[in-house]
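# Coordinate analysis (summary)
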Amino acid sequence: MRNLLIVLSGPSGVGKGTIVNELKKIYDFATSVSCTTRAPREGEIDGKHYFFLSKENFNSMIERGELLEYDNHFGNLYGTPKAFVEEKLKTQNVLLEIEVNGALNAKKVYPAAVLIMIVPPSVEELKARLMGRGTEDEEKIAERLKRLDYELSKKDEYDYVVVNDNLHKAVTEIENIIKAERLK
Ligand code: ADP
Ligand code: 5GP
C-alpha cells in the first residue's frame, strides 16, 4: 500500500479542523504544522498549531525553497514545510489542511496528492458555524464568506468533494476515499 499525501481544503468554518480531529482517532497519520505570518489566536501554541513567523523569516523560507507550497490568504502568508512532508511520507500518510490555491499548487509539485474539498450543506449553515465558533468578529466572517464562491469554483479541480452535513457521514466518506486510494 502506498503512503498518501492527503490535502483537505474547504471554506473557513466548514469543519475541516473538526474532521481532522476525528480522522486522527482512526488513522495514525502525520499532520504537518504550517508556517504563517498571521498573529496567534488565543490558545494557539507556536510549533503546535502553526509556526508563527515574521514576514522576513517566511520570505527567507520561500527563497531557500523550503516550502512545498505557499499562498497569501486574508493578507497573511501560509505555507507547508517541504522537508517535514517528504520525510514523513517515507513511513506514513501525511495530511495537509490548506486553502484552495495552496492545495492546487501542492498537486502540481506532487501529482500523487489526493485532493479532497469539504463543502458546507448551505451558505446559511456555514455562516452559523463561523458565528458559533466565535473566533472571528463580524468583519472577518464577512471577509471569509466573500471568498466562498472562489473556493467553490475550484471544486472540479479536486479529486473528491465531500459535504460536511453530518459529521460522522463526512468522516466515513473520507475514510473510504483513503482506503480506496491506498490500494491504487
Ligand atoms: P474549519 O477548520 O473548516 O475552519 P471548524 O472545524 O473550526 O472549521 O468548524 C467550525 C464550527 O463548525 C465548529 O464550531 C465545529 O464544531 C462546527 N462543526 C463542524 N462540523 C460540523 C457539522 N457536521 N455539523 C455542525 N457543526 C459542525
Ligand atoms: P486560519 O487563519 O483560519 O488558521 O487559516 C486560514 C486558511 O489558511 C485556512 O483555509 C487554512 O486551511 C489555510 N492554511 C493553513 N495552513 C496553510 C498552508 O500551509 N498553506 C496554505 N496554502 N494554506 C494554509
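Each remark here, short or long, concerns the structure printed above.
Figured I'd write up the structure that's included with this text. (Residues numbered from 1 in each chain as written. Chains lettered and ligands numbered in written order. Predicted model: local features only at pLDDT ≥ 70, side-chain atom pairs only at ≥ 80, totals over all residues. Heavy atoms only, no water.)

With that settled, consider the site of ligand 2. Neighbouring residues of ligand 2: 15 residues in total, closest Ser34, Arg38, Tyr50, Glu69 and Tyr78. The side chain of arginine 38 places a nitrogen or oxygen atom 2.6 Å from an oxygen atom of ligand 2. For ligand 2, the accessible surface in isolation is 520 Å², of which the surrounding protein chains cover 94%. Cavity membership is defined here by more than half of the atoms lying within 2 Å of grid points; on that basis ligand 2 lies in the largest pocket. Taken together, the elements giving at least two residues each to the shell around ligand 2 come down to strand S5 (67-73) and strand S6 (76-81). Among the residues making up the shell around ligand 2, the classes are represented as three nonpolar, five polar and seven charged. (Near = heavy atom within 4 Å. Polar contact = N/O pair within 3.5 Å; in protein donor to acceptor, adjacent residues only side chain to side chain. Areas by Shrake-Rupley, 256 points an atom, 1.4 Å probe, with all protein chains shown as cover. 1 Å grid on protein atoms, 1.4 Å probe; cavity = no way out; pocket = protein on both sides within 12 Å on 5 of 7 lines; lining within 4 Å. Sits in = over half its atoms within 2 Å of the grid points. Helix = DSSP H or I, 4+ residues; strand = E, 2+ residues; numbered from the N terminus. Nonpolar A, V, L, I, M, F, W, Y, C, P; charged D, E, K, R; others polar.)

Our focus in this paragraph is the pairing of strand S7 (residues 94-97). The pairing of strand S1 (residues 5-9) with S7 spans four bridges and is parallel. The partner of leucine 5 across the bridge, within S7, is valine 94. Where strand S2 (residues 30-31) meets S7, two bridges bridge the pair, whose relative direction is parallel. Bridge pairing in S7 places alanine 30 opposite valine 94. (Pairing = 2+ DSSP bridges.)

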